[in-house]
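Chain by chain, the residues:
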Amino acid sequence: MKNQKIWLVLCAAFICVLTAPDSVFACACCAEPGTYRISARKPDNYQFDLLSKMKFASETELYMTEAGEDGVKGLDQIFQKYTSESWTAESISFDLTNSFANKTWKLSFKNAKGQTGALSLPIPVSMVNFAADIHDGRIGGGGGPLLYKEWRFKGNVGSGTGFFQKGIIAPTTYFLVFQGRGNNCDNAEDFTHWRVEINGKKADYAFYGEMNAGS
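Model, not experiment: these values are computed from the prediction.

We now examine the environment of E150. Position of E150 among the secondary structure elements: in strand β7 (residues 147-156). We classify E150 as buried; its relative accessible area is 12%. Those residues within four positions of E150 in sequence are excluded, and the remaining contacts are V128, N129, F130, V177, F178, Q179 and F191. Within polar-contact distance, the side chain of E150 engages the side chain of Y148 at 2.5 Å.

Rendered as structure tokens:
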């Protein structure tokens, strides 16, 4: 009789586990209200795996201010193709293809005039991983606040071709940021937007865009 009671208790516990809501298990990744974390460290294998899955959307924009061409350095070949009257959202949009292999991003651009250029961005030794509760009331799937996240990479540009080539003189640096929302566990689909700045003696410009929804 005693063994039968033990068996019934074990069966009941097993059924509870099977029927428990997903949120019970998801809370291992749930953030707490007021979460704020930032760290700088060498990317690990898990982060490299996520980076290989994160794809840029097929369109990107050149970041522009009211200064227009005067606020951009190193892309003279592009602006020679346009007059000031034609600087519209379409005229500074680019088709984009990207890859991440051998710990290097390769971003290839093509504009409406058929001009092309590519940037090679080797991953730096250290990355910054930032996440914070921004107190906007949004809740993650398993409970807890939906965090605002950034992965930040700052390193030296490996090379520039096409309309980038004349502006890439060593050392020219890049600052690449992936932005998104998620819980305490990082996933490729958390990151929905990106931005890259290029800075050097003959270069000063930035591009931004969305991540592919399938990432």
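Attention now moves to unusual backbone geometry. For residues that are not glycine, phi is negative in most cases, and the peptide bond is trans in most cases. Here the residue pair A170 and P171 is connected by a cis peptide bond, since its omega of -5 degrees sits within 30 degrees of zero. Take P171: it is sitting in the loop between β8 (159-162) and β9 (173-182). Within the chain, N102 stands out as a residue other than glycine whose phi angle is a positive 55 degrees. Summarising the element assignment, N102 is placed in the loop between β3 (93-101) and β4 (104-111).

Cut-offs applied
- Residues numbered from 1 in each chain as written.
- Predicted model: local features only at pLDDT ≥ 70, side-chain atom pairs only at ≥ 80, totals over all residues.
- Heavy atoms only, no water.
- Helix = DSSP H or I, 4+ residues; strand = E, 2+ residues; numbered from the N terminus.
- Buried < 20%, exposed > 50% of the residue type's maximum accessible area, 1.4 Å probe, protein only.
- Contact = heavy atoms within 4.5 Å.
- Polar contact = N/O pair within 3.5 Å; in protein donor to acceptor, adjacent residues only side chain to side chain.

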